[in-house]
Amino acid sequence: MSCCFCTFTRHLSHSTFTRQFSFSPFPPIQHTLNSLCTQGLLRQALLEMAIQGPAMLFDGYNTLLNECIKKKAIREGQRVHSHIIKTLYFPPVYLRNRLIVFYNKCDCLADARYVFDEMRERDVVSWTALISAYSQRGLCFEAMHLFLQMLRSGTEPNEFTFATVLTSCIGASGFELGRQIHSLLIKYNCESHIFVGSSLLDMYAKAGRILEARGVFESLPERDVVSCTAIISGYAQLGLDEEALELFRRLQREGMSSNYVTYASLLTALSGLAALDHGKQVHNHVLRCQLPFFVVLQNSLIDMYSKCGNLDYSRRIFDSMPERTVISWNAMLVGYSKHGMGSEVVELYKLMREENKVKPDSVTLLAVLSGCSHGGMEEKGLEFFDEMLKGKYGVKPEKEHYGCVVDLFGRAGRVEEAFEFIKKMPYEPTAAIWGSLLGACRVHSNIDIGTFVGHQLLQIEPENAGNYVILSNLYASAGRWEDVRKLRELMTGKAVTKEPGRSWIELEQTLHTFHASDRSHPRREEIKEKVREVSVKFKEYGYVPDLSCVLYDVDEEQKEKILQGHSEKLALAFGLIASPERVTIRVIKNLRICVDCHNFAKFISEVYGRQVCVRDKNRFHHIVGGICSCGDYW
C-alpha cells in the first residue's frame, strides 16, 4: 500500500517552508507555540519552529503533534513529520508513537504502519497504538497478526494491549480465540484489571456466552460504569430482557453510576419487554439528571416507545432531534411499519428524501416495503421495489426485500403471482419467504400451493413447530382431517415440540407473565374463572372457538379447554380484572398470536368497549370496536 506521507514529502522538498528552515540557538518558545496552536495558527507555528535551535525540538514537535492530533490536521501534521526528517532529528520513541496516533486519528493507516516499521526501538505503547488502529477499522485479522508478532518479539503486553486485542477477537475468530487470550490474561495477571475485565466480559457476551460474561463481571475486584454497562448490554442484546432489568436494579441499589450508554442498553431491554411505564421512568430520570442527549440515546428512546405501542412519543422525540442519523430514520420507519401505518411510512420516507441529509440504506427500504405490506398498500410497495431494481435509491434488493414483495402479493390475495415471483428470484427462497407464502395460502384458502409450500418448509425446517401448525390449519379449513392426522403423526415421530407460548402485561410498573395453562400467578383462580366467564358471554355475540388452533388429538370439549389456557387469554383476562376501565389493555406475546386468541381480543374490544393492543412476534395489533389494524392478516 502506498504511503501518502511519502508523496507529500517529495512535493514538500522545494516548498517555502523547507527553504526558510534554519537552526538558531534561540531560547525555548513553548509559550509562543502553545499560543499559536490554541489560535489554530499551525502554519505560523511551523515557521517559528524553522528558526529554532535543536535544543527545544522535542518540546516543539510534541506541542505541534498534539495540536494536529486534536484537530485532525493532516496537512500540518505531515509538515511536522517532514520537518523532523529534514532536520535529521532522530526522535525518541515517544514522538514516534505520537506520529502513529496522529496518522491513526487522520485515517492514514498506511502512514501509521510506515512510521512503525521505521522504528528501531519499539516499546509496548508502539505495538498497542498500531494494534488499536487496525482494530478500530475492523481489520481484526491484521490486529491479531500484529499482536502475535509482538509476543514473538519478546515485548510483554499490558492491560491496554489486552483490552484492544479482545475487541478484535469477535471479528477475527470469535469465541475460541477469545478463550486463548483469556488464558494469556491469567498468565500475565491482567484478568482483574478493570479495562481488561470490561473488554473480556463484552467479548463473551457478544459471543453469546452470557454465563461466562457474568462470571467475569462478578469476579472483578472493582466495577466502573463501563463494566456495568457492558454486562447489562450483553443481556439486552441476547434478548434476556428481564435479566437485564433485574441486574440494572441490583446495580443501582449497590450505587452504580450510569451514563447515556447504560440507559441506552436498558432501554433496549425495556423495548423487548414492552415495559412502557418503566421506559417512561427511565426517560424522566434521564431528563432529571440532565444527561446529554446523544443521538444513540434518542434513537433508543424512539425504539422503546414504538415497541411499547406509543408512537406519538416516538415521533415527538424524532421531531425534536437537532441531528438525525440513518438509524434515527430507520427506528421511526420500522415503528410505523410494525404498527401497520403504511401511509405514515411513505410520508416519512418522502420527508427523508426531501431533506437529503441522510442516505437510505438496506434497512430503510426494508421498513418502507414492510410498511406498505402491513398497511395494505401493495401497489405502492411494488412501485418502490421496481424503483429499487432500477437503482433509484442506490440500494440493491436483498433476500429480505424480495420477501416483502412476496408478502405484498400474499396480502392482496395474489397467491399465484407470489408463487411465480419466488420462482424467478435471483436468490434461493428462505424459510421466511416460504413461510410468508404459506400464511397467505392459509388466509386465502389456496390448498394446492399451500401444500407444496408447506412440504418445502418441512424439509428446510423440520423442527419448526409453527410450520406444522399453519399447514395443519390449512388442511383443517379444507376438511382434510386425514392429512391433519398424518401431520400430527409426523410431528410426533420427529419429536417436534412447540415453543412454549408466553405473554405478559405491565401494570403499575410490575410485569405479570403468563404461560399456557399457567398455575403460578397469585390470582390464577380468578383469572381462570374470568376466561370462562367471558368465553360464555362472547358466544352470545357470535364467538365460536377456532379449534383448528389445537393440534392435539382430543375431543372438541378438551380442545376448547386448551384454547382457554392460552397465555394471551390469561393476560387479557387479567387486564380486564386489574386495570381501570377506559385504559388500553396492552399484551405482549413471544410468538405469533393464534387465530382464536386474535378473535378473543377482538370480542373484548367490542363487548367491553376496551381498546386492546397486542404485540406478537411479527407486529402490533391495535383493536378498537372489534376491528384490528392488521385487517385479520398477519
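Just above, that's the structure.
It should be emphasised that the depicted structure is a prediction, and the values quoted were computed from it without experimental measurement. (Residues numbered from 1 in each chain as written. Predicted model: local features only at pLDDT ≥ 70, side-chain atom pairs only at ≥ 80, totals over all residues. Heavy atoms only, no water.)

**Some thoughts on the overall build of the protein**
Here is the rule we go by: Going along the chain from the N terminus, every DSSP run of H or I of four or more residues is numbered as a helix, and every run of E of two or more is numbered as a strand. Burial classes follow relative accessibility: with a 1.4 Å probe on protein chains only, a residue under 20% of its type's maximum area counts as buried, one over 50% as exposed, and anything between as partly exposed. It only takes one pair of heavy atoms within 4.5 Å for two residues to be counted as in contact. Working definition of accessibility: Shrake-Rupley area with a 1.4 Å probe, residue cover restricted to the visible protein chains.
Scanning the protein from terminus to terminus reveals 34 helices and six strands. Out of the 634 residues belonging to the protein, those deemed buried represent 53%. Excluding contacts between residues fewer than 6 apart, the proportion of contacts in the protein whose partners are at least 24 apart in sequence is 64%. Accessible surface computed for the protein: about 30100 Å², of which carbon and sulfur atoms make up 51%.

**Some thoughts on the side chain of Asp-407**
Short version of the rule: For the purposes of these results, a polar contact is taken to be a pair of N or O atoms within 3.5 Å, where, inside protein, one atom must be able to donate a hydrogen and its partner to accept one; residues adjacent in sequence count only when each atom of the pair is a side-chain atom.
Its place among the elements puts Asp-407 in helix 25 (residues 399-411). One polar contact links Asp-407 to Arg-411, side chain to side chain, over a distance of 2.7 Å. Discounting residues that sit within four places of it in the chain, Asp-407 has contacts with Ser-373, His-374, Ser-436 and Tyr-633.

**Some words on the environment of Arg-524**
Structurally, Arg-524 can be placed in helix 31 (residues 524-539). On the accessibility criterion, Arg-524 (33% relative accessible area) is partly exposed. Separated by 46 residues in the primary sequence, Arg-524 and Leu-570 place their C-alpha atoms 8.7 Å from one another. In this view, Arg-524 contacts Asp-518 and Arg-519; residues no more than four positions away in its chain are not counted.

**Remarks on the packing of helix 22 (residues 342-355) against helix 23 (residues 362-374)**
Our working rule: For helices, the axis comes from a line fit to the C-alpha atoms of the stretch in contact; other axes are also lines fit to C-alpha atoms, and the angle between any two N-to-C directions lies between 0 and 180 degrees. To sort the angles, those under 35 degrees are grouped as roughly parallel, those over 145 as roughly antiparallel, those from 65 to 115 as roughly perpendicular, and the leftovers as oblique. Crossings are assigned a handedness: left-handed for a near helix turned anticlockwise from the far helix by less than a right angle, right-handed for a clockwise turn. Only Asp, Glu, Lys and Arg are considered charged, only Ala, Val, Leu, Ile, Met, Phe, Trp, Tyr, Cys and Pro nonpolar, and every remaining residue, Gly among them, polar.
Contact geometry for helix 22 and helix 23: axes closest at 8 Å, N-to-C directions at 150 degrees. Relative to helix 23, helix 22 is oriented roughly antiparallel. For the element pair helix 22 and helix 23, the recorded crossing hand is left-handed. Between helix 22 and helix 23, the contacting residues are Gly-342, Val-345, Val-346, Tyr-349 and Met-352 on the first element and Thr-364, Leu-365, Ala-367, Val-368, Gly-371 and Cys-372 on the second. Of the residues contributing to the contact of helix 22 with helix 23, the split by class is eight nonpolar, three polar and no charged.

**Regarding the sheet that holds strand 6 (residues 627-628)**
Just so we agree on the cut-off: Strand pairing is assigned whenever DSSP detects at least two bridges linking the two strands.
Reading across from one edge, 2-1-3-4-5-6 is the order of the six strands in this open sheet, with mixed pairing throughout. Of all strands in the sheet, those with a lone pairing partner are strand 2 (510-515) and strand 6, marking the two edges. In the sheet, strand 1 (residues 502-507) pairs with strand 3 (residues 585-589) via two bridges, with the strands oriented antiparallel. Within strand 3, the residue paired with Trp-504 across the bridge is Ile-588.

**Thoughts on helix 7 (residues 93-105)**
The criterion, for reference: Here the expected length of a helix is defined as 1.5 Å per residue gap, with one fewer gap than residues.
Look at helix 7: 18 Å from first C-alpha to last across 13 residues, which is about the 18 Å you get at 1.5 Å a residue. Along helix 7, the residues classified as buried are Val-93, Leu-95, Arg-96, Asn-97, Arg-98, Leu-99, Ile-100, Phe-102, Tyr-103 and Asn-104.

**A closer look at the nonpolar core**
Definition in use: The definition of a nonpolar core used throughout is a set of buried Ala, Val, Leu, Ile, Met, Phe, Trp, Tyr and Cys residues joined through side-chain atoms within 4.5 Å.
In terms of nonpolar packing, the biggest core is built from 150 residues, with Leu-130, Ile-231 and Leu-437 touching the most fellow members. Other than its neighbours up to four places away in sequence, Leu-437 contacts Val-406, Val-415, Ala-418, Phe-419, Ile-422, Ile-449 and Val-453. In terms of nonpolar packing, the next biggest core, distinct from the first, is built from 35 residues, Val-534, Phe-600, Phe-603 and Ile-604 among them.

**Some thoughts on the packing of helix 23 against helix 24 (residues 378-389)**
Relative orientation of the contacting elements helix 23 and helix 24 amounts to 155 degrees, with a least axis distance of 8 Å. One finds that helix 23 runs roughly antiparallel with respect to helix 24. Facing helix 23, whose interface residues are Leu-365, Val-368, Leu-369 and Cys-372, helix 24 presents Glu-378, Lys-380, Gly-381, Phe-384, Phe-385 and Met-388. Each residue belonging to the contact of helix 23 with helix 24 can be placed in one class, and the counts come to seven nonpolar, one polar and two charged.

**Quick notes on the pairing of strand 5 (residues 620-624)**
Sheet topology places strand 4 (residues 612-615) next to strand 5; four bridges connect them, and they run antiparallel. Bridge assignment links Cys-613 to a residue of strand 5, and that residue is His-622. If you look at the hairpin formed by strand 4 and strand 5, you'll find four residues sitting between the two strands. Bridge count between strand 5 and strand 6: two bridges; the pairing is antiparallel. Pairing of Val-624 across the sheet is with Ile-627, part of strand 6. If you look at the hairpin formed by strand 5 and strand 6, you'll find two residues sitting between the two strands, and Gly-625 has a positive phi there, around 60 degrees.

**Details of the environment of Val-405**
In this structure, Val-405 sits in helix 25. Put simply, Val-405 and Leu-382 are 23 residues apart on the chain and 6.8 Å apart in space, counted from C-alpha to C-alpha. When neighbours within four sequence positions are excluded, Val-405 is seen to be in contact with Leu-382, Phe-385 and Phe-421.

**Here we look at unusual backbone geometry**
Even without a glycine there, the phi angle at Asp-107 is positive, about 60 degrees. Here Asp-107 lies in the loop between helix 7 and helix 8 (109-118). Positive phi values are uncommon outside glycine, yet Asp-632 reaches one of about 60 degrees. Mapped onto the elements of the fold, Asp-632 is located in the segment after strand 6. Taking relative accessible area as the criterion, Asp-632 reaches 36% and is therefore assigned partly exposed.

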